[in-house]
Amino acid sequence: MGEIDEGLERAERTRPIPVHLNTRVKFLWEKVAKNDTKRLAQAAGVSVRTAQRWAHALTAVAAGELTGDIPMTKANAAKVDKAVRAAWQPRVKQRVRRDAGQRGFMLHIQATFGYSAAGGSTDDPRQRTITQKMPGSVAQRLYAARDAGASQAQQERILAEALREEYFKDGGRRARGLDVELNDVAWMDVEL
């Protein structure tokens, strides 16, 4: 997951996602699967037998018979993480996406920007920290790209185009021939 995905995901939450593996499995077991091993297997993308082992391990953890994390492969832990992120606070996600698409959002970003512009100016990449109000159309494009499985580079192009128009060109009032490239995102945060 890239910095852009993480920034958008942070904006979609009011409570942090559980950190510990046991808590994540417990969330899937209770809230998503409703204590059904077949539904847990479906949600996490694992076999029913694996889901049964996890359910048994949760019982052992609750009884104090098992200390530490539920035994699991790294691949299954990644599947649990993905399933929890997808199911965490669905109504909050919908509200945040709707509001961002209608009213826009405040973008806070630190990245290296490359430029190509008219003669006599420099095109050396520079690291900048930018805070800029972005229109709702940018939020809609970012969320659509993210939902379609866009890579970090594709999302960076969307942000670079938007920042070129909103920040560097100031809505078309300056820097007519400027083209902006977003090279390296150090961090990004979205505020609604």
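Here, every reference points to the structure presented above.
Just so we're clear, the structure is a prediction, and the values are computed from it rather than from any experiment.

Novice: Teacher, can you tell me more about the packing of helix H6 (residues 90-103) against helix H7 (residues 136-147) here?
Specialist: The angle between the axes and the distance between the axes are what describe a pair of packed helices. Viewed as axis vectors pointing N to C, H6 and H7 meet at an angle of 135°, and their least axial separation amounts to 6 Å. Looking at the two axes, H6 sits oblique to H7. Counted together, Val96, Arg97, Ala100 and Gly101 of H6 and Gly136, Ala139, Gln140, Tyr143, Arg146 and Asp147 of H7 form the full contact between these two elements. Residue composition of the contact of H6 with H7, grouped by class: 4 nonpolar, 3 polar and 3 charged.

Novice: For this particular structure, what's the right way to read helix H5 (residues 74-87)?
Specialist: Think of an α-helix as 3.6 residues a turn; residues three or four steps apart then line up on the same face. Between its first and last C-alpha, H5 extends 20 Å over 14 residues, near the 20 Å set by a 1.5 Å rise per residue. Within H5, burial applies to Asn76, Val80, Ala83 and Val84. Looking down the long axis of H5, one finds its buried residues gathered within 100° of arc, a one-sided arrangement. Facing away from the buried surface of H5 by more than 90 degrees, the exposed residues are Lys74, Lys82 and Ala86. Of the surrounding secondary structure, the elements contacted by the buried residues of H5 are helix H2 (21-32), helix H3 (37-44) and helix H4 (48-62). A positive phi of about 50° marks Gln89, the residue just after H5.

Novice: Explain the nonpolar core to me, please; I cannot follow it from the model alone.
Specialist: Inside soluble globular proteins, nonpolar side chains tend to come together where they are buried. Grouped together as the largest cluster of nonpolar side chains are 32 residues, with contacts concentrated most on Ile109, Phe113 and Met188. Elements represented by at least two residues in this core include exactly helix H1 (3-11), H6, strand S1 (105-116), strand S2 (126-134), H7, helix H8 (152-168) and strand S3 (179-191). Counting 21 residues, the second largest nonpolar core, distinct from the first, contains Val25, Trp54, Ala55 and Ile70.

Novice: Mind showing me how you'd approach unusual backbone geometry here?
Specialist: Apart from glycine, the bulk of residues carry a negative phi angle, and the bulk of peptide bonds sit in the trans form. Of note in the backbone geometry, Lys34 takes a positive phi value of approximately 55° without being a glycine. Structurally, the position occupied by Lys34 is in the loop between H2 and H3.

Novice: Explain empty space enclosed by the protein here, please?
Specialist: Where empty space is left becomes clear once a probe the size of a water molecule has been rolled over the atoms. Throughout the structure, instances matching the rule amount to 1 cavity of 30 Å³ or more. The computed volume of the largest cavity comes to approximately 40 Å³. Surrounding the largest cavity, Leu8, Ala100, Phe105, Ala139, Leu142, Tyr143, Val190 and Leu192 form its lining. Of the residues assigned to the lining of the largest cavity, the class counts are 8 nonpolar, no polar and no charged.

Basis of the calculations
Residues numbered from 1 in each chain as written. Predicted model: local features only at pLDDT ≥ 70, side-chain atom pairs only at ≥ 80, totals over all residues. Heavy atoms only, no water. Axes fitted to C-alpha atoms, helices over the stretch in contact; angles between N-to-C directions. Helix = DSSP H or I, 4+ residues; strand = E, 2+ residues; numbered from the N terminus. Parallel < 35°, antiparallel > 145°, perpendicular 65-115°, else oblique. Contact = heavy atoms within 4.5 Å. Nonpolar A, V, L, I, M, F, W, Y, C, P; charged D, E, K, R; others polar. Expected span 1.5 Å × (residues − 1). Buried < 20%, exposed > 50% of the residue type's maximum accessible area, 1.4 Å probe, protein only. Arc of directions from axis to C-beta. Core = buried A, V, L, I, M, F, W, Y, C linked by side-chain atoms within 4.5 Å. 1 Å grid on protein atoms, 1.4 Å probe; cavity = no way out; pocket = protein on both sides within 12 Å on 5 of 7 lines; lining within 4 Å. Points joined across faces, edges and corners; volume = space filled by probe spheres on them.

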